[in-house]
Amino acid sequence: MTNLDVEILLFDGFDELDAVGPYEVLDNGAAVGADVDVSLVTLEERVLVEASHGLRVEPDGTLGEPDLLLVPGGGWSSGEGGVRRVVDEGRLPPAVAERHDAGATVASVCTGAMILAEAGILDGRPATTHHVALEDLADAGAAVREARGVDDGDVLTAGGVTAGIDLALWILEREFGEEVAAQVAREMEHERRGEIVR
């Protein structure tokens, strides 16, 4: 792949680290030579998005046609806000499904997997999410794997919160080689743990 265009899809109530962790990993990948562009986007034009812990983020633009679309989690287990709200509203999951149908690889961190499930992308496919939502993910039709991350080709899912860092490092390794991922992990002083299962 010559260039990997990654968009991280933000919504009110997303978990900060689910989005910012992968963003930093991928941006650091570009700094060490990976041909990757990463941006923070929203479904509709927004000035600011407020995350689950109150961080306010100015997105780069609106959802386009990325090579890889990453969906963070947040707010599922509380029963309100975040993922729970966007699933109930029903606009965001079809937009994710459209990108997948058009050929984008789709990834999720934490309970972002519930958005992928609502989009119909995980039916019968191996996937993981935060441990508090594993049963919900199974009920939604996924073949749940209790793993740090799952790579099913055009669909990748990560467990809770910090697992998104490991998933992003795996994306760098998968697309640009082990040395690129190792350089970024060293730069970030992150010790990769768990396994991304296939």
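No experiment lies behind these values; they were computed from the predicted model shown.

**A word on the overall build of the chain**
Check the secondary structure of the chain and you find seven helices and 12 strands. Its C-alpha radius of gyration of 15 Å places the chain within 12% of the 16 Å reference for a compact globule of 198 residues. When its C-alpha atoms are laid out on the principal axes, the chain stretches across 40 × 35 × 30 Å. Within the chain, the proportion of its 198 residues that are buried is 52%.

**Some thoughts on the sheet that holds strand β1 (residues 4–10)**
Across the sheet, eight strands lie side by side as β5-β2-β1-β6-β7-β11-β10-β12; this open sheet has mixed pairing. Only two strands of the sheet have a single neighbouring strand rather than two, namely β5 (61–62) and β12 (196–197). Here helix α1 (residues 16–31) sits on the sheet in contact with β1, β2 (36–42), β6 (68–71) and β7 (105–109), set at roughly 155° to β2. The strands touched by helix α6 (residues 163–176) within the sheet are β1, β2, β6, β7, β10 (149–151), β11 (155–158) and β12, with β11 carrying the most contacts at an inclination of about 150°.

**Let's talk about unusual backbone geometry**
Within the chain, Val161 stands out as a residue other than glycine whose phi angle is a positive 45°. Structurally, the position occupied by Val161 is in the loop between β11 and α6. Note on Val161: relative accessible area 25%, which makes it partly exposed.

**Observations regarding the nonpolar core**
Ranked by size, the top nonpolar core spans 63 residues in total, and within it Val96, Ile115 and Leu122 carry the most contacts. Top element by residues in this core is α6. It accounts for eight residues. Leave out the neighbours within four places in its chain, and Val96 touches Leu9, Leu69, Val71, Val106, Ile115, Leu116 and Ile121.

**Observations regarding the pairing of β6**
Alternating residues of β6 divide into Leu68 and Leu70 and Leu69 and Val71, and every residue in both groups is buried. Summarising the sheet, β1 and β6 pair through three bridges and their orientation is parallel. Looking across to β6, one finds that Ile8 is bridged to Leu70. Here β6 pairs with β7 via four bridges, running parallel. Directly across from Leu69, in β7, lies its bridge partner Val106.

**Regarding the packing of aromatic side chains**
Scanning all chains against the criterion turns up one aromatic pair. Between Phe11 and Phe14, the ring centres sit 6.5 Å apart and the planes meet at 75°, which makes this aromatic pair edge-to-face. Accessibility assignment for this pair places Phe11 and Phe14 in one class, buried. Directly above the aromatic system of Trp76 lies the positively charged group of Arg84, at a separation of 3.7 Å from the ring centroid.

Calculation criteria
Residues numbered from 1 in each chain as written. Predicted model: local features only at pLDDT ≥ 70, side-chain atom pairs only at ≥ 80, totals over all residues. Heavy atoms only, no water. Helix = DSSP H or I, 4+ residues; strand = E, 2+ residues; numbered from the N terminus. Rg over C-alpha atoms; globule rule 2.2 N^0.38 Å. Buried < 20%, exposed > 50% of the residue type's maximum accessible area, 1.4 Å probe, protein only. Pairing = 2+ DSSP bridges. Contact = heavy atoms within 4.5 Å. Axes fitted to C-alpha atoms, helices over the stretch in contact; angles between N-to-C directions. Core = buried A, V, L, I, M, F, W, Y, C linked by side-chain atoms within 4.5 Å. Phe/Tyr/Trp six-rings, centres within 6.5 Å; stacked < 30°, edge-to-face > 60°. Lys NZ or Arg CZ within 6 Å of the ring centre and 35° of its normal.

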